[in-house]
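For reference, the chains in residue letters:
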Amino acid sequence: MRPNYRGYVQVFGEAFGQIVRERIAEHKGSSEPFEQGYLLGLHRAVTLMQQTAEQFDIPTDDLGVADIEETAFL
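Rules used in this analysis
- Residues numbered from 1 in each chain as written.
- Predicted model: local features only at pLDDT ≥ 70, side-chain atom pairs only at ≥ 80, totals over all residues.
- Heavy atoms only, no water.
- Helix = DSSP H or I, 4+ residues; strand = E, 2+ residues; numbered from the N terminus.
- Buried < 20%, exposed > 50% of the residue type's maximum accessible area, 1.4 Å probe, protein only.
- Contact = heavy atoms within 4.5 Å.
- Areas by Shrake-Rupley, 256 points an atom, 1.4 Å probe, with all protein chains shown as cover.
- Lys, Arg positive; Asp, Glu negative; His and termini not counted.
- Charge placed at Lys NZ, Arg CZ, Asp CG, Glu CD.
- Axes fitted to C-alpha atoms, helices over the stretch in contact; angles between N-to-C directions.
- Left-handed = near helix turned anticlockwise from the far one by under 90°.
- Nonpolar A, V, L, I, M, F, W, Y, C, P; charged D, E, K, R; others polar.
- Phe/Tyr/Trp six-rings, centres within 6.5 Å; stacked < 30°, edge-to-face > 60°.
- Expected span 1.5 Å × (residues − 1).

Q: Can you walk me through the overall build of the protein chain in this structure?
A: Broken down by element type, the protein chain carries two helices and zero strands. Projecting the C-alpha coordinates of the protein chain onto the three principal axes gives extents of approximately 50 × 20 × 15 Å. Classification of the 74 residues of the protein chain by burial places 30% in the buried group. For the protein chain, contacts bridging at least 24 residues in sequence account for 61% of all contacts bridging at least 6. Working note: accessible area of the protein chain is about 5,500 Å², and carbon and sulfur atoms make up 56% of it. Side chains of the protein chain carry 6 positive and 12 negative charges; the gap between the two charge centres is 4 Å.

Written as C-alpha cells, this is what we have:
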C-alpha cells in the first residue's frame with residue numbers, strides 16, 4: 001500500500017485550519033496571557049506549515065490554512 005501523503009496533508013490541514021479559525025474568532029484581541037500565548041503558538045504552527053510547503057513545492061491551497069493571514073492573530 002502506497003501512502004497517500006497528499007490526502008493526509010489535505011485532511012489534516014483542513015481540520016487544523018478549522019481549529020485555528022474557531023480559536024481566532026473566539027479569542028482574537030483577548031488580554032488573557034494564556035489566550036495570547038495560545039494564539040501565538042497557532043500562528044507559529046500556521047506560518048511553519050505555509051513556509052515548509054513552499055520549500056517542498058506543495059500548493060498552499062492544499063494545506064487548508066492558505067487563507068489565514070498573519071494579521072488575523074492580532
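Having seen the model, we can carry on.
Q: Sorry if this is basic, but what is going on with the packing of helix α1 (residues 5-27) against helix α2 (residues 33-55) here?
A: How two helices pack is summed up by the angle between their axes together with the distance between the axes. Between α1 and α2, whose axes approach to 11 Å, the crossing angle comes to 150°. As for how α1 packs across α2, the hand of that crossing is left-handed. When α1 is examined against α2, the residues F12, G13, F16, V20, R23, I24 and H27 are found in contact with a partner set consisting of F34, E35, Y38, L39, L42, A45, V46 and M49. Here the residues of the contact of α1 with α2 sort into eleven nonpolar, two polar and two charged.

Q: Looking at this structure, I do not really get the packing of aromatic side chains. What am I missing?
A: For any pair of aromatic rings, the description rests on two quantities: the centre-to-centre distance and the angle between the ring planes. In total, this model carries three aromatic pairs according to the counting rule given. Taken together, a centroid distance of 5.9 Å and an interplanar angle of 5° make the contact between F12 and F16 stacked. Placement of both F12 and F16 in helix α1 is noted, with a separation of four residues, approximately one turn of the helix. Aromatic pair F34 and Y38: ring centres 5.9 Å apart, planes at 45°, arrangement tilted. With F34 and Y38 both in helix α2 and four residues apart, this pair spans about one turn of that helix.

Q: Looking at this structure, I do not really get α2. What am I missing?
A: With 23 residues, α2 ought to run about 33 Å at 1.5 Å a step, and its terminal C-alpha atoms sit 33 Å apart, in line with that. Turning to α2, its buried residues number three or more, namely E35, L39, L42, H43, V46, T47, M49, Q50 and A53. Each element contacted by the buried residues of α2 is listed here: α1. Residue D57 follows α2 closely and has a positive phi angle near 55°.

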